[in-house]
Amino acid sequence: MDTLLSAPNPAGKGAHTGAMAPICDLAALRERSLVFAAMTEAEIDELLRGARLVEVPARRVVFHAGEAGDSLYVLLSGKVKVSLLSADGKEAILSLMGAGDVFGEMSLLDGLPRSATVTSLEDCRLMQIGRQDFVQFLKRHADVALKLLAALSQRLRTTNNLVENLSFYHLPSRLARLLLDLGQRHGKPAPNGVEIGLRLSQEELGNLVGASRESVNKQLRAWADAGLLEYRQGAIVIRKVDALFMQSLTA
Ligand code: CMP
């Protein structure tokens, strides 16, 4: 897979919310993000003033685990996956992120190498913010720093849930929990149910729940036959949320 080719903002440094109006919907960003919801327009403008716009085509690596990194990224549009890769090419997906989410803050804050690999799932627009700019901004805005801590706490909770799922539940329950969560966070209403607005391969679904592509395929087919969902070329529609919820309760 190709590594990210970053396209500098044609406007160069100095991109601000006024200049960004055509590329990002501030209201949507605020609605989706704990950190941005707490910020005034002037604060967002101040934070993004020194940032650089980076456009990443679908299915490119933004950065690899182990690389040095001194900037963080704000996802303006598109989706990315955060994953760990084993030496023999296996993948464990830790998180899926969408507009308003922030990643790359760990290396920025602790100075250690990137803890995971981040890959775009769709065409993405990102704002890249350097360490100096971000740290100075946090020093001026303690309230935003607190919101960032809250967002990181939520991330830890989500990772705890992931460990719980992998440790205590069998595949049907793990997969049902995942699909319900994806439906909640990335779902949109469809005529026949809730469509998960993410194109994930069965292998990626497996990498999210610690299972093989074959096991995921078997389970999805069983649920499709029972009318709980539809799965076609990566598009999943949950048709019976209640029935899927019952599946999530099985140990
Ligand atoms: P960083 O270590 O700089 O680069 C990889 C990024 O992935 C990391 O910062 C976080 O932003 C993100 N990340 C790492 N682990 C997790 C996790 N368990 N859940 C969500 N995001 C994570």
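Residues numbered from 1 in each chain as written. Predicted model: local features only at pLDDT ≥ 70, side-chain atom pairs only at ≥ 80, totals over all residues. Heavy atoms only, no water.

Caption draft 1: Up close: the domain arrangement of the protein. For the protein, the assigned domains read domain 1 (17–165) and domain 2 (169–248). Taking only C-alpha atoms into account, the centre of domain 1 sits 26 Å from that of domain 2. The interface of domain 1 with domain 2 comprises 15 residues on the first partner and 13 residues on the second. Here domain 1 meets domain 2 over a buried area of about 1,200 Å², counting both sides, of which 48% is carbon and sulfur. At the surface where domain 1 touches domain 2, the tally comes to 2 salt bridges. At the surface where domain 1 touches domain 2, the tally comes to 7 residue pairs in polar contact (both at pLDDT 80 or more). (Domains from an automatic or database assignment. Contact = heavy atoms within 4.5 Å. Buried area = accessible area lost by both parts, 1.4 Å probe. Salt bridge = Lys/Arg side-chain N within 4 Å of Asp/Glu carboxyl O. Polar contact = N/O pair within 3.5 Å; in protein donor to acceptor, adjacent residues only side chain to side chain.)

Caption draft 2: Geometry of helix α7 (residues 142–168). For α7, built from 27 residues, the straight-helix expectation of 39 Å at 1.5 Å per residue is met to within 8% by its first-to-last C-alpha distance of 39 Å. Inspection of α7 places V144, L148, L162 and N165 among the buried residues, and these make up the whole buried set. At its buried positions, α7 is contacted by α3 (34–37), α4 (41–48), β5 (91–97), α6 (131–140), α8 (171–186) and α9 (202–209). (Helix = DSSP H or I, 4+ residues; strand = E, 2+ residues; numbered from the N terminus. Expected span 1.5 Å × (residues − 1). Buried < 20%, exposed > 50% of the residue type's maximum accessible area, 1.4 Å probe, protein only.)

Caption draft 3: How the structure looks around the site of the ligand. In the vicinity of the ligand, 15 residues are found, and the nearest of them are G104, E105, S107, R114 and S115. A distance of 2.8 Å separates an oxygen atom of the ligand from a polar atom in the side chain of R114. One of the side-chain N or O atoms of T159 is found 3.0 Å from a nitrogen atom in the ligand. For the ligand, whose free accessible area comes to 460 Å², the fraction covered by protein is 94%. Within the residue set of the shell around the ligand, elements represented by two or more residues are β5, α5 (105–110) and α7. (Near = heavy atom within 4 Å. Areas by Shrake-Rupley, 256 points an atom, 1.4 Å probe, with all protein chains shown as cover.)

Caption draft 4: Summary view of the sheet that holds strand β8 (residues 124–130). The 4 strands are arranged β1-β8-β3-β6 in an open sheet whose pairing can be described as antiparallel. Every interior strand has two partners, whereas the edge strands, β1 (52–56) and β6 (102–103), have only one. Two strands pair when backbone bridges link them, and strand β3 (residues 71–77) and β6 are joined in this way by 2 bridges, in the antiparallel orientation. Across the sheet, the residue bridging to V74 is V102, located in β6. (Pairing = 2+ DSSP bridges.)

Caption draft 5: Summary view of the packing of aromatic side chains. According to the stated counting rule, one finds 3 aromatic pairs in the structure shown. Judged by centre distance (5.3 Å) and plane angle (15 degrees), the ring pair of Y73 and F103 falls under stacked. Of the two residues, Y73 is situated in strand β3 and F103 in strand β6; the sequence distance between them amounts to 30 residues. For Y73, a relative accessible area of 6% puts it in the buried group. Through pairs of rings, three or more aromatic residues link up here, namely F63, Y73 and F103. (Phe/Tyr/Trp six-rings, centres within 6.5 Å; stacked < 30°, edge-to-face > 60°.)

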